[in-house]
Amino acid sequence: MNNKNMNNKNMKNANHKKDHAKDHPAEDINAEKELEQKEAIIEVEKGLEGKAEIQTFTMNFGPQHPAAHGVMRLVMEMDGEVIRRADPHVGLLHRATEKLAESKPYNQSIGYMDRLDYVSMMCNEHAYVAVIEKLLEIEPPDRAKYIRVMFDEITRILNHLLWLGAHALDIGAMSVFLYCFREREELIDCYEAVSGARMHATYYRPGGVYRDLPDKMPKYKASQWHNEKEIKKLNEAREGSLLDYVWDFTERFPKLVDEYETLLTDNRIWKQRTVGIGVVSAERALQLGFSGPMLRGSGVEWDLRRMQPYAVYDQVDFEIPVGKEGDCYDRYLVRVEEMRQSNHIVRQCIAWLRQNPGPVMISNYKIAQPPRYLMKRDMEVLIHHFKLFSEGYSIPPGEAYAAIEHPKGEFGVYMISDGANKPYRVKIRPAGFPHLAAFDEIARGHMLADAVAIIGTLDIVFGEIDR
């Protein structure tokens, strides 16, 4: 009975709806559309349950990006503006330097070292010639050692000036870049004076250096851009020897570093971009294989010049600047102080070199280039010269590793000799490679803009990383 009543009732309602639809057709169509829209919205909402979070996306940072400095590609996984993962892709500047060095006589690969870290040229040379000297068991003269230390520290200043200018420019400070390059020009003139080349010097040789320091400096000449009065002012420091020229620079340089610090150290924007960015603890820095300013900025007092002295670093006085927080700002302060300490070391070397003339190369003409006047008189010396430049010299079988405190960290060369006139194996330990390897860990959780500050603080040069 109940079912019959219900069916009768439903029939009546259906008939009533049909009658109403006949009387009001537009209202019925609108109602149906509204019902369909509501049902569609409910379906969409059901489908989005648990999927409302933002999906990460992958993007390339470089190699075209100005802060990537031409040859670095970072594949970044981004969550909005936040870095979730950063994968450095290296190899865009790979030139097989180690294999090239294995295919040439020992004395013909020094020029390749200049082209590794092309901002710290003579420091690269130092490690290479030091490992050959270890294998040959020879010792360069004291004057050559002091010249090497002086140019190592000039190179450290050159490196840090370029680093500071580029790092500041990447973050947004234009003036510092111009200030730093003003001083770089003066120091590059020192490279040119001793080797003839502004960058790729090939000045260090196994057994000493190519030649002694010049007694005069190249001078500017009057031109359409500078009159006689301006030229006279530019040449004031160039009237004496190279040592006089460098001494004049070292007297002015500390005040110039003060200028950089005036622009940056207490600058509100600079601190906002560097304080607390890219923090690495001392323990983690050691685990990651950091060295140089990256390690000292985290509070570890480790410097090969003090811990494993080479050349004459045990005879000069200098301090090792150390950071506390391990962030970009501390590493900036460490490098700025290193420039002051390098300036102090250069002054000590100049003082010693002025008082102690002497040879700058060993007198073994099987390894060292003989003087030209002897070569024209002595047949045996002529033969030495011919053999040295045609086939080089053979090194007794053995292996050795030599490392120096490069401006970027520990730069080392491992070499195996099998008794031939070229190395059996050359392995270069670049200073910047472990730092770049840690980029993912350092950058995670930071904003995209902070990636630029972190790349800058790592002081990356791809010549040595890609080799």
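Here, every reference points to the structure presented above.
Reading guide: rules and limits
- Residues numbered from 1 in each chain as written.
- Predicted model: local features only at pLDDT ≥ 70, side-chain atom pairs only at ≥ 80, totals over all residues.
- Heavy atoms only, no water.
- Phe/Tyr/Trp six-rings, centres within 6.5 Å; stacked < 30°, edge-to-face > 60°.
- Helix = DSSP H or I, 4+ residues; strand = E, 2+ residues; numbered from the N terminus.
- Buried < 20%, exposed > 50% of the residue type's maximum accessible area, 1.4 Å probe, protein only.
- Core = buried A, V, L, I, M, F, W, Y, C linked by side-chain atoms within 4.5 Å.
- Contact = heavy atoms within 4.5 Å.
- Axes fitted to C-alpha atoms, helices over the stretch in contact; angles between N-to-C directions.
- Parallel < 35°, antiparallel > 145°, perpendicular 65-115°, else oblique.
- Left-handed = near helix turned anticlockwise from the far one by under 90°.
- Nonpolar A, V, L, I, M, F, W, Y, C, P; charged D, E, K, R; others polar.
- Pairing = 2+ DSSP bridges.
- Expected span 1.5 Å × (residues − 1).

Novice: I tried to follow the packing of aromatic side chains on my own but got confused; where do I start?
Specialist: We describe a pair of aromatic rings using the distance from one ring centre to the other and the angle between the two ring planes. Tallied over the entire structure, the rule returns eleven aromatic pairs. Ring geometry for Tyr 146 and Trp 352: centres 3.9 Å apart, planes at 10°, overall stacked. Here the residue Tyr 146 occupies a position in helix H6 (residues 142–171), and Trp 352 occupies one in helix H14 (residues 328–355), the gap between them amounting to 206 residues. Note on Trp 352: relative accessible area 23%, which makes it partly exposed. Chaining the aromatic ring pairs together yields one cluster made of Phe 151, Tyr 191, Tyr 203 and Tyr 204.

Novice: What am I meant to see in the nonpolar core here?
Specialist: One recurring pattern in soluble globular proteins: nonpolar side chains tend to sit buried together. Counting residues in each nonpolar core, the largest one holds 119 residues, and the members touching the most others are Met 76, Met 150, Phe 151, Tyr 203, Leu 213 and Phe 439. For this core, the element with the most residues is H6, which contributes 13 residues. When sequence neighbours within four positions are dropped, the list of residues in contact with Phe 151 reads Met 122, Cys 190, Tyr 191, Val 194, Tyr 203, Tyr 204, Leu 213 and Leu 242.

Novice: Help me understand the packing of H6 against helix H9 (residues 242–264) in this model?
Specialist: The relative placement of two packed helices comes down to the angle between their axes together with the axis-to-axis distance. Where H6 contacts H9, the axes come no closer than 13 Å and their chain directions differ by 30°. Judged by the angle between their axes, H6 and H9 are roughly parallel. The way H6 lies across H9 gives a crossing that is left-handed. Contacts from Met 150, Phe 151, Ile 154, Ile 157, Leu 161, Leu 164 and Ala 168 of H6 reach H9 at Leu 242, Leu 243, Val 246, Phe 253, Tyr 260 and Leu 264. Residue composition of the contact of H6 with H9, grouped by class: 13 nonpolar, no polar and no charged.

Novice: Before we go on, may I ask you to explain the packing of helix H7 (residues 174–195) against H9 in this structure?
Specialist: Relative orientation of the contacting elements H7 and H9 amounts to 165°, with a least axis distance of 11 Å. Comparing the axis directions of H7 and H9 gives the class roughly antiparallel. Judged by the sense of rotation from one axis to the other, the crossing of H7 with H9 is left-handed. Facing H7, whose interface residues are Ser 175, Val 176, Tyr 179, Cys 180, Arg 182, Glu 183, Glu 186, Leu 187, Asp 189, Cys 190, Ala 193 and Val 194, H9 presents Leu 242, Tyr 245, Val 246, Phe 249, Arg 252, Phe 253, Leu 256, Glu 259, Tyr 260, Leu 263 and Leu 264.

Novice: Honestly, the pairing of strand E8 (residues 425–429) in this entry has me stumped. Any pointers?
Specialist: Burial along E8 is one-sided: the face carrying Val 426 and Ile 428 is buried and the face carrying Arg 425, Lys 427 and Arg 429 is not. Sheet topology places strand E7 (residues 409–417) next to E8; five bridges connect them, and they run antiparallel. Within the sheet, the bridge partner assigned to Met 415 lies in E8 and is Val 426.

Novice: What should I look at first to understand H6 in this one?
Specialist: Given 3.6 residues per turn, any residue in an α-helix points the same way as the ones three and four places further on. Here H6 spans 43 Å end to end across 30 residues, near enough to the 44 Å set by a 1.5 Å rise per residue. The buried fraction of H6 amounts to 26 of the 30 residues, a majority that puts the element mostly inside the structure. One or two steps after H6, the chain reaches Gly 172, where phi turns positive at roughly 130°.

Novice: I tried to follow the sheet that holds strand E2 (residues 73–79) on my own but got confused; where do I start?
Specialist: As a general point, the strands of a sheet are linked pairwise by backbone hydrogen bonds and lie either parallel or antiparallel. Sheet architecture is open: three strands sit in the order E1-E2-E3, paired in antiparallel fashion. One side of each edge strand has no neighbouring strand; the edge strands of this open sheet are strand E1 (57–61) and strand E3 (82–89). Here the strands of the sheet are splayed against their neighbours by 25° on average, with no regard to which way each runs. Where E1 and E2 come together, five bridges link them in antiparallel fashion. Directly across from Phe 61, in E2, lies its bridge partner Leu 74.

Novice: Can you walk me through unusual backbone geometry in this structure?
Specialist: Leaving glycine aside, a negative phi is the common case for residues, and trans is the common case for peptide bonds. The residue Ala 96 is not glycine, and still its phi comes out positive at about 60°. With respect to the helices, strands and loops of the structure, Ala 96 is situated in the loop between E3 and helix H3 (97–102). Given a relative accessible area of 26%, Ala 96 falls into the partly exposed group. Of note, Arg 467 is a non-glycine position whose phi angle comes to about 55°, a positive value. Within the element layout of this structure, Arg 467 appears in the segment after helix H20 (462–466). Judged by relative accessible area, Arg 467 falls into the buried class, the value being 15%.

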